[in-house]
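Here is how the chains run, residue by residue.
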Amino acid sequence: MDARVISRIAALALVAPLAVGFAPTASAAAVTTLYYSSSGAPDYLAQIDRGAANWNAAVTDVKLVKRTTGATIKFHEIHSGGSYTNTNGHGRGDIYLDTSQVAEGYDPTRIAAHELGHNLGLPDHYSGPCTELMSGHGPGTSCKNAKPSAAEAAKVQSLWVNGLAGAETAPRKVAH
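Let us look at the environment of Leu64. For Leu64, the position within the fold is in strand S2 (residues 62-66). Assessed through its relative accessible area of 5%, Leu64 is described here as buried. For the pair Leu64 and Tyr36, spaced 28 residues apart in the sequence, the C-alpha separation amounts to 6.8 Å. What Leu64 contacts, discounting residues up to four positions off in sequence, is Leu34, Tyr36, Ala52, Trp55, Asn56, Ile73, Leu116 and Leu120.

Right under this line is the structure:
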């Protein structure tokens, strides 16, 4: 080997451990972490966590993490009027889970995951099949699917590829 090659290998041997330990990788830099709080909906803690886990399993550009303080997505329980969210569609919002809808037979994990979908930027598609999470209450109480479809996950990926860049600023209400 010539001296230049040996010199480059030696330099990489010194720099590589620092890069691995301290510099974020390209894929790590692309992940945007959003924090949610479920403390305002104490009857549905496990269902909210499952809905967030379903999104985390489906997408890689954004991650939902439970947090008690400093959350930008907050769940609340209400007792009439239907579940809905007030959101900017880009990681900020208040989600209202209606206990009367759960009593009617709608799946609370599906409701939580659906409302999180709005906070990730997706609109309603009530005429869609049960396999589409954003079809919401359209398929009826027999629909228990709380996982986003591949198309819904792909849309979220495309919306979050640049992280929080280009986020909407005005909240909008998405009623159900």
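Structure's up, so let's keep going.
Turning to the state of the cysteines, a few remarks are in order. Evaluated as defined, the whole model comprises one disulfide. Disulfide pairing is shown between Cys130 and Cys143; the S-S distance is 2.0 Å. Torsion about the S-S bond of the Cys130 and Cys143 cystine: about 85 degrees, corresponding to right-handed handedness. One end of the pair, Cys130, is in the loop between helix H5 (108-119) and helix H6 (150-160); the other, Cys143, is in the loop between H5 and H6, with 13 residues separating them in the sequence.

Here we take up the pairing of strand S1 (residues 32-40). Judged from the five bridges that link them, S1 and S2 form a sheet pairing that is parallel. Across the sheet, Thr32 pairs through a bridge with Val62, a residue of S2. Of the crossover connections in this fold, the one passing from S1 over helix H3 (residues 45-58) to the parallel S2 is right-handed. Sheet topology note: the S1/strand S3 (residues 73-78) ladder contains three bridges and is parallel. Looking at the pairing, Ser37 lines up with Lys74 of S3.

Rules and cut-offs
Along each chain, the written sequence defines residue order, and numbers are assigned to residues from 1. Totals for whole chains, interfaces and linings use every residue, but because this is a predicted model, local features are given only for residues with pLDDT of at least 70 and side-chain atom pairs only at 80 or more, for both listing and counting. To get the side-chain values, take all heavy atoms of the structure and skip hydrogens and water. The helix count covers DSSP runs of H or I at least four residues long, the strand count covers runs of E at least two residues long, and both are numbered beginning at the N terminus. We call a residue buried when its accessible area falls under 20% of the maximum for its residue type, exposed when it is over 50%, and partly exposed in between, using a 1.4 Å probe and counting protein chains only. Contacts are residue-level and defined by heavy atoms, with any inter-residue pair within 4.5 Å sufficient. Pairs of cysteine sulfur atoms within 2.5 Å are identified as disulfides in what follows. Strand pairing requires that DSSP identify at least two bridges connecting the strands. Seen with the strands pointing away from the viewer, any crossover whose path from the first strand over the helix to the second strand runs clockwise is right-handed.

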